[in-house]
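# Commentary on secondary and tertiary structure
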Amino acid sequence: MKLLIVAGPPSVGKTAVIRQVIKELSSKFKPSYLKIDVVRAFEDEELREEFGIPTRKTYSGDVCPDHMGILVLADALAWAVAVDSDLLIVESAGLCLRCTPYTTQSLGVVVLSAVSGSKAPLKMAPMIALADVAVVTKVDLVSQAEKEVYREGILSASPDIEIIETNALQGSGLRFLINKIRDFPDVEDAGTVTLRGTPPLGVCTVCIGKKEIGWKNHFGVIRTLDNADPIYRGD
């Protein structure tokens, strides 16, 4: 079974890209789909109704959605095998842009929007740096010069990444991505799948519910306004 992990900011067209992938590959593969979101998601219902494929979703709630993806991925791989799928597509909510959900033995795809601003790739560098492919959507809405500037921003975050430009609603320009997925190796051993990169620093007291503002009211790994480096406060 192949594992495809699709990440990116909200509303850039991740599901539109996935829809084109399923449309092109469903004659050769048996896709399954997992959506990870925070509060509400409908993509699983839409894709199941449109393509008749097995779909699931999970809500992270108070847990970071990318952390949630890490926690449930082993179960998701087992579920995909159980429904006789040979292509599991995982769509991450990708909200903080610091966590990177890509794993070993997966094809990592980051979806970006050409209309998000020329500096946007620099703000989400970790999510781009560990991906295999960057798919830039909505290129029909910007000029050639703007596309080139955006491309350079992506390459500054990851010089070797492969970039695909598309109008995802029409599927133009996605042939390379389709071929890449089709030729990508299967997961060899689900028990050895690991994250590609190191996640951000651990849970803080804000994460566990403390509401007070100011670093003096918190413990663990903290930061002050005047100190760029993290400080550990506590026993």
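The preceding data block contains the structure.
Residues numbered from 1 in each chain as written. Predicted model: local features only at pLDDT ≥ 70, side-chain atom pairs only at ≥ 80, totals over all residues. Heavy atoms only, no water.

### Section: the sheet that holds strand E5 (residues 107-113)
To be explicit about the condition: Pairing between strands is defined by DSSP: at least two bridges between them are needed. Secondary structure elements are taken from DSSP: a helix is a run of H or I of four residues or more, a strand is a run of E of two residues or more, and numbering for both begins at the N terminus. In this analysis an axis means a line fitted to C-alpha atoms, helices contributing only their contacting stretch, and an angle means the value between N-to-C directions, from 0 to 180 degrees.
Taken together, the 7 strands give an open sheet; going across it, the order is E3-E2-E4-E1-E5-E6-E7, and neighbouring strands pair in parallel fashion. Edge strands, defined here as strands with exactly one partner in the open sheet, are strand E3 (55-59) and strand E7 (162-165). This sheet shows a mean twist of 20° between the axes of neighbouring strands, independent of strand direction. As defined by bridge partners, strand E6 (residues 133-137) adjoins E7 across 4 bridges and the pair is classed as parallel. Counterpart to Ala134 in the pairing with E7 is Ile163.

### Focus on helix H6 (residues 144-157)
Selection rule: Here, expected helix span is obtained from the residue count minus one, scaled by 1.5 Å. Relative accessibility decides the category of a residue: with a 1.4 Å probe and only protein chains considered, values under 20% of the type maximum give buried, values over 50% give exposed, and everything between is partly exposed. Summarising the geometry, the arc corresponds to the directions from the helix axis toward the C-beta atoms. We call two residues in contact whenever any of their non-hydrogen atoms come within 4.5 Å of each other.
The end-to-end C-alpha separation of H6 is 20 Å, in line with the 20 Å expected for 14 residues at 1.5 Å each. Along H6, the residues that are buried comprise Lys147, Tyr150, Gly153, Ile154 and Ala157. Angular distribution of buried residues about the axis of H6 spans 120°; they occupy a single face of the element. At its buried positions, H6 is contacted by E5, helix H4 (120-123), helix H5 (125-129), E6 and E7.

### Brief notes about the environment of Asn167
Mapped onto the elements, Asn167 comes out in the loop between E7 and helix H7 (175-183). Sequence-wise, Asn167 and Ala74 are 93 residues apart; in three dimensions their C-alpha atoms are separated by 33 Å. Setting aside anything within four residues of it in sequence, one finds Asn167 in contact with Val139, Asp140 and Ser172.

### Structural notes on the side chain of Lys147
How we decide: Working convention for charge: Lys and Arg count positive, Asp and Glu count negative, and His plus the chain ends are omitted. Here, a salt bridge means any Lys or Arg side-chain nitrogen found within 4 Å of an Asp or Glu carboxyl oxygen.
Along the polypeptide, Lys147 turns up in helix H6. Despite being buried, Lys147 has no salt bridge partner; Glu165 is the closest side chain of opposite charge, sitting 4.2 Å away. Once residues lying within four places of it in the same chain are set aside, the contact partners of Lys147 are Val139, Val142 and Glu165.

### So, the pattern of salt bridges
In the structure shown here, the tally under the stated rule is 14 salt bridges. Ionic pairing is found between Arg19 and Glu46, a salt bridge with its closest N-O pair at 3.8 Å. Placement of the pair is Arg19 in helix H1 (residues 14-25) and Glu46 in helix H2 (residues 43-51), with a sequence separation of 27 residues. Three or more residues joined by partner-sharing salt bridges are found here, namely Lys35, Asp37, Glu43 and Glu91.

### Some points on the pairing of strand E4 (residues 87-91)
For a regular strand, the rule is simple: side chains alternate between the two faces of the sheet. With respect to burial, E4 is a largely interior element, 5 of its 5 residues being buried. Burial along E4 is two-sided: Leu87, Ile89 and Glu91 and Leu88 and Val90, pointing in opposite directions, are all buried. Relative to E4, strand E1 (residues 2-7) runs parallel, the two sharing 5 bridges. When the bridges of E4 are listed, Leu4 appears paired with Ile89. Both strand E2 (residues 31-37) and E4 contribute to a ladder of 5 bridges, which runs parallel. Paired with Leu34 across the bridge in E4 is Val90.

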